[in-house]
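What follows is the residue order along each chain.
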Amino acid sequence: MHAIFSPTRLLGPFEDLFVVDAAAGEEMSLFIAQGKKGGTLFEQTYACGNNLKGTLGINRTSHLQDLTMVPDLSDLFDE
């Protein structure tokens, strides 16, 4: 894993999503991605980085190298 310092298109499950908000610290990153499914707009929260104290909100404590959806935060958005 490496740092990305310029706008980069994410592939795979993120290919059709647009990042609408982001927050990053020294050891963790969070972002909100927006997409459309069947004409309905949806938003999901993703996180990665140091989670040894549970700061990412993924209901476990372990370091996350890959972007992981945070279900508890994603469920807060209105559909």
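Notes on the structure follow. Everything numeric here is computed off the predicted structure, so don't read it as measured data.

Thoughts on the overall build of the chain
- Secondary structure assignment for the chain yields one helix and four strands.
- Each helix and strand of the chain, placed in order from N terminus to C terminus, yields the pattern β-β-β-β-α.
- Taken over 79 residues, the chain has a buried fraction of 22%.
- Long-range pairs, those at least 24 residues apart, make up 20% of the contacts in the chain with a sequence separation of at least 6.

Let's talk about the packing of aromatic side chains
- The final tally for this structure, using the stated rule, is three aromatic pairs.
- Ring geometry for phenylalanine 14 against tyrosine 46: centres 4.9 Å apart, planes inclined by 75 degrees, an arrangement best described as edge-to-face. On the criterion of sequence distance, the pair formed by phenylalanine 14 in the segment before strand S1 (18-24) and tyrosine 46 in strand S3 (residues 40-49) is long-range, its members being 32 residues apart.
- You can call phenylalanine 14 buried: its relative accessible area is 14%.
- By relative accessible area, tyrosine 46 is classed as buried at 8%.
- Measuring from ring centre to ring centre gives 5.5 Å for phenylalanine 31 and tyrosine 46, while their planes differ by 20 degrees; the resulting arrangement is stacked. Pair noted here: phenylalanine 31 is in strand S2 (residues 28-37) and tyrosine 46 is in strand S3, with a separation of 15 residues, a long-range link.

Notes on the sheet that holds S3
- Read from one edge to the other, the open sheet built from four strands follows the order S1-S2-S3-S4, with strand pairing classed as antiparallel. Every other strand in the sheet has two partners, leaving S1 and strand S4 (64-69) as the edge strands with one partner each. Direction aside, neighbouring strands of the sheet carry axes that sit 20 degrees apart on average.
- Where S1 meets S2, six bridges bridge the pair, whose relative direction is antiparallel. Bridge pairing links alanine 22 to phenylalanine 31 in S2.

Considerations on the environment of leucine 52
- Topologically, leucine 52 is positioned in the loop between S3 and S4.
- Accessibility expressed as a relative area gives 57% for leucine 52, which makes it exposed.
- In sequence terms leucine 52 and leucine 64 are 12 residues apart; their C-alpha atoms lie 9.3 Å from each other.
- For leucine 52, the residues in contact, after removing those within four places along its chain, are Thr61, Ser62 and His63.

Some points on the environment of glycine 49
- For glycine 49, the location among the structural elements is in strand S3.
- Non-local contacts of glycine 49, meaning those with residues more than four positions away in its chain, are made with Glu27, Met28, Leu56, Ser62, His63 and Leu64.

Thresholds applied
Residues numbered from 1 in each chain as written. Predicted model: local features only at pLDDT ≥ 70, side-chain atom pairs only at ≥ 80, totals over all residues. Heavy atoms only, no water. Helix = DSSP H or I, 4+ residues; strand = E, 2+ residues; numbered from the N terminus. Buried < 20%, exposed > 50% of the residue type's maximum accessible area, 1.4 Å probe, protein only. Contact = heavy atoms within 4.5 Å. Phe/Tyr/Trp six-rings, centres within 6.5 Å; stacked < 30°, edge-to-face > 60°. Pairing = 2+ DSSP bridges. Axes fitted to C-alpha atoms, helices over the stretch in contact; angles between N-to-C directions.

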